[in-house]
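Geometric and topological summary
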Amino acid sequence: MASIAEKLTDITGAAFAALDLPVELGQVRVSDRPDLAQFQCNGAMAASKMAKKNPREIAQAVVEALQSHKEFSKIEIAGPGFINLNITDDYLASHLAQSAGDERLGVEKIAKQETIVLDYGGPNIAKPMHVGHLRSSIIGDSLRRICDFAGYSAIGDVHMGDWGRPMGMILSVLEARGTLGEPVTMDQLEEIYPAAAKACKEDEAQMEKAREATVKLQDGDETYKAAWKQFIDVSVKGMKKNFDALGVHFDLWKGEADVHELIAPMVNKLKTNGFAVESEGALVISVEQEGDKKEMPPLILLKSDGGVMYGTTDLATIVERMEENNPVKIIYVVDQRQSLHFEQVFRAAYKGGIVPENIELTHAGFGTMNGPDGKPFKTRAGGVMRLEDLISMGIEKAQARLAEADLARDMDKGERADIAQKVAIAAIKFADLQNNRIADYVFDIDRMTSFEGKTGPYLLYQAVRIKSLLRKAEGQGFKPGKEFLLRDSDRSLALLLTELPNVFEGALKNYTPHLLCEYAYRLAQEFSSFYAACHILSEEDEALRSSRLALCELTQSQIVLVLGLLGIKIPERM
Ligand code: ARG
């Protein structure tokens, strides 16, 4: 169904068209000045440039054309020619009833199951996952849910780093220790990798061995391949456990190694077609374009020793995805600092004919999660924070917060643990997602676990409160109605509830879940004001009571939907 802004845009657009002006000028949106009006249309200003007329004169003509429309309760011209609009309570109520009755709450499906591949997570085998991988996982998983809800068939791929030099380092160290072939555990692996990296850094001979081992592994050496396979399996098991705890889902557990076989044919084709050329012993694709403002180095496909690069596996992964998934878009949720890399890969993919121009390749980059010192977040000991430690830290804090707020007290141990887990995950995810993804943010465990302010726990608390109110109503035999009866005190919540489709559209368009976070927060706040100002269960007038219960129910459904799109689960009670 159309959103209210779209319906009003249709009406206003027709008024512009009747004056021989482009219909697009009739764009109506929620007012920037809610103190002056509910909606606004700024088209008269643009029209005045085209028609070379005074904008207020044009606005006046539009306003006259709108007079016959009974949807509006107030039509006014402000400033140089803004058209300010209010709608009638009846119109608002009937629109709201329509969206409340819609299983998608009025959010239109824009896609027809076209495939989108989302590349997020990107942990590296044997290395602990760092906060960059955490951000990628949280944002990527939310974008996957958003794309799915929009009607796409969204595929999340973890794209592990499982094929580079670090693999050779581990293998060469296992060999030096004489334990190559014996199964290793995750704990051993976590000791081996840093030791291997250190040994290689300090000892050129060891580094040479690591290099050789990498090449041999990639060439298919049986012994290396078997050892590698074993430690990949343990790592993946560990990762799955962590991602499960975080509530982050992947459809595909692929990695760089999976495309190894595709590299040679891809490189040959690029050579034959003249795109790949020798340069200083390496094989490269030039990706410069006319009008480039910054230096754009070529993408290196093969180093002079024949080794493949990060960009080579990324390009081959595009070949694989085009063949296997045939997507309309591939979205990479990766640290913003890798933007040059993706620019090079995307240009090479289009130029080399790997991806047709009409397929979208997007790098949805994100900023750094910093510690209180403003530098990339580290543990107190100065190391990287492991994901499982971060989750346990969140849970511990959540337990303390629940105790402080006297919540979840009379519940059994199991339920309390479940609630603490949900509060912790909501805190971590919301703190991350609420920032515009490009921005850096400061990780502050105390602030993000608070039940007050713009936090995940605050939203969970509000959602649970509405749920319990609805339960109580049911217990008293009161049902939410199908119709809305709006009073002064109900109107602003009702108006806000109509904004969901536009907010969703914005979040989808720019891959920006923070818009949904903002909306959820506004909704919770607006609900609080409504709750403070209105009688609900104690309202004597039955029609008004059922309308208010319907507002509660719609608010609840929207919060559940929005938090669900963010990957946040709500407990039954708290
Ligand atoms: N493993 C990489 C890293 O840790 C991230 C992978 C991102 N995805 C990709 N297709 N390059 O930086």
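Predicted model, so just to flag it, every value in this text is computed and none were measured. (Residues numbered from 1 in each chain as written. Predicted model: local features only at pLDDT ≥ 70, side-chain atom pairs only at ≥ 80, totals over all residues. Heavy atoms only, no water.)

1. So, the overall build of the protein
- What the protein contains, in helices and strands, is 20 helices and 13 strands.
- Structurally, the protein occupies a C-alpha span of about 85 × 70 × 40 Å along its principal axes.
- Put simply, the protein has 574 residues, and 52% of those count as buried.
- Once local pairs closer than 6 in sequence are excluded, the contacts in the protein between residues at least 24 apart make up 73%.
- In the form shown here, the protein has an accessible surface area of approximately 26,500 Å², with 50% of it arising from carbon and sulfur atoms.
- Taking the 67 positively charged and 84 negatively charged side chains of the protein as two groups, their mean positions are separated by 3 Å. (Helix = DSSP H or I, 4+ residues; strand = E, 2+ residues; numbered from the N terminus. Buried < 20%, exposed > 50% of the residue type's maximum accessible area, 1.4 Å probe, protein only. Contact = heavy atoms within 4.5 Å. Areas by Shrake-Rupley, 256 points an atom, 1.4 Å probe, with all protein chains shown as cover. Lys, Arg positive; Asp, Glu negative; His and termini not counted. Charge placed at Lys NZ, Arg CZ, Asp CG, Glu CD.)

2. Quick look at the sheet that holds strand E4 (residues 82–87)
- Sheet architecture is open: 4 strands sit in the order E1-E2-E4-E3, paired in antiparallel fashion. Edge positions in the sheet fall to strand E1 (28–30) and strand E3 (72–78), since each has one partner strand and no second. Pairwise comparison of adjacent strand axes, ignoring direction, gives a mean angle of 30 degrees for this sheet. (Pairing = 2+ DSSP bridges. Axes fitted to C-alpha atoms, helices over the stretch in contact; angles between N-to-C directions.)

3. Comments concerning the sheet that holds strand E8 (residues 282–285)
- Spatial strand order, E7-E8-E9: 3 strands in an open sheet with antiparallel pairing. A single partner strand is all that each edge strand has here, and the edge strands are strand E7 (276–279) and strand E9 (299–302). Each neighbouring strand pair of the sheet contributes to a mean axis angle of 45 degrees, computed without reference to strand direction.
- In this structure, E8 lies alongside E9, joined through 3 bridges in antiparallel fashion.

4. Overview of helix H4 (residues 89–100)
- Helix length check: H4, at 12 residues, gives a terminal C-alpha distance of 16 Å against a target of 16 Å (1.5 Å per residue), a fit within 8%.
- Regarding H4, the residues found buried are Tyr91, Leu92, Ala93, His95, Leu96 and Ser99.
- Those residues of H4 hidden inside the fold are in contact with helix H1 (4–18), E4, helix H17 (488–497) and helix H20 (542–565). (Expected span 1.5 Å × (residues − 1).)

5. Topic: the site of the ligand
- Within the structure, the ligand sits among Asp119, Gly122, Asn124, His133, His159, Tyr310, Asp314, Tyr332, Val334, Gln338 and Phe342.
- Contacts to the ligand include Asp119, whose side-chain N or O atom sits 2.9 Å from a nitrogen atom.
- Between the ligand and Tyr310 there is a distance of 2.8 Å, counted from a nitrogen atom to a side-chain nitrogen or oxygen.
- Within the complex, the protein chains bury 88% of what would otherwise be the 350 Å² of accessible surface of the ligand.
- Taken together, the residues of the shell around the ligand sort by class into 4 nonpolar, 5 polar and 2 charged. (Near = heavy atom within 4 Å. Polar contact = N/O pair within 3.5 Å; in protein donor to acceptor, adjacent residues only side chain to side chain. Nonpolar A, V, L, I, M, F, W, Y, C, P; charged D, E, K, R; others polar.)

6. Some words on the layout of surface pockets
- Put simply, the second largest pocket is a space of about 390 Å³.
- Lining the second largest pocket are 14 residues, and of these Phe377, Arg380, Met385, Met393 and Ile445 sit closest to its centre.
- Those elements giving two or more residues to the lining of the second largest pocket turn out to be helix H13 (387–404) and helix H15 (445–448).
- Looking at which element gives the most residues to the lining of the second largest pocket, the answer is H13, with 3 residues.
- Per-class residue counts for the lining of the second largest pocket are 7 nonpolar, 1 polar and 6 charged. (1 Å grid on protein atoms, 1.4 Å probe; cavity = no way out; pocket = protein on both sides within 12 Å on 5 of 7 lines; lining within 4 Å. Points joined across faces, edges and corners; volume = space filled by probe spheres on them.)

7. Describing the pattern of salt bridges
- A complete count under the given rule lists 35 salt bridges for this structure.
- Among the ionic pairs, Arg29 bridges to Asp32, the shortest N-O distance being 3.2 Å.
- The residue Asp335 makes a salt bridge to Arg337 at a minimum N-O spacing of 2.7 Å.
- Here Arg337 falls in the exposed class, since its relative accessible area comes to 61%. (Salt bridge = Lys/Arg side-chain N within 4 Å of Asp/Glu carboxyl O.)

8. Concerning empty space enclosed by the protein
- The final tally for this structure, using the stated rule, is 2 cavities of 30 Å³ or more.
- A volume near 40 Å³ is recorded for the largest cavity.
- The wall of the largest cavity is formed by Met129, His130, Val131, His133, Leu134, Met385, Arg386, Leu387 and Leu390.
- Contributing elements (two or more residues each) for the lining of the largest cavity: helix H5 (131–149) and H13.
- It is H5 that contributes the most residues to the lining of the largest cavity, 3 residues altogether.
- Taken together, the residues of the lining of the largest cavity sort by class into 6 nonpolar, 2 polar and 1 charged.

9. Observations concerning the nonpolar core
- Ranked by internal contacts, the top residues of the largest apolar core, which has 160 residues, are Ile87, Phe231, Leu566 and Met574.
- Per-element tally for this core: the top contributor is helix H14 (residues 413–433), with 11 residues.
- Apart from the residues within four sequence positions on either side, Met574 is in contact with Leu402, Leu407, Ala408, Met411, Ile419, Val423, Phe451, Pro457, Leu460, Tyr461 and Val464.
- Counting residues in each nonpolar core, the second largest holds 30 residues, with Ile263, Met266, Leu270 and Val345 among its members. (Core = buried A, V, L, I, M, F, W, Y, C linked by side-chain atoms within 4.5 Å.)

10. Here's the deal with the packing of H4 against H17
- Running from N to C, H4 and H17 point in directions that differ by 50 degrees, and their axes come no closer than 10 Å. By the angle class used here, H4 and H17 are oblique. Of the two possible hands of crossing, H4 and H17 adopt the one that is left-handed. Every residue of H17 that contacts H4 at Asp89, Leu92 and Leu96 is listed here: Arg491, Ala494, Leu495 and Leu497.
- Looking at the contact of H4 with H17 residue by residue, the class counts come to 5 nonpolar, no polar and 2 charged. (Parallel < 35°, antiparallel > 145°, perpendicular 65-115°, else oblique. Left-handed = near helix turned anticlockwise from the far one by under 90°.)

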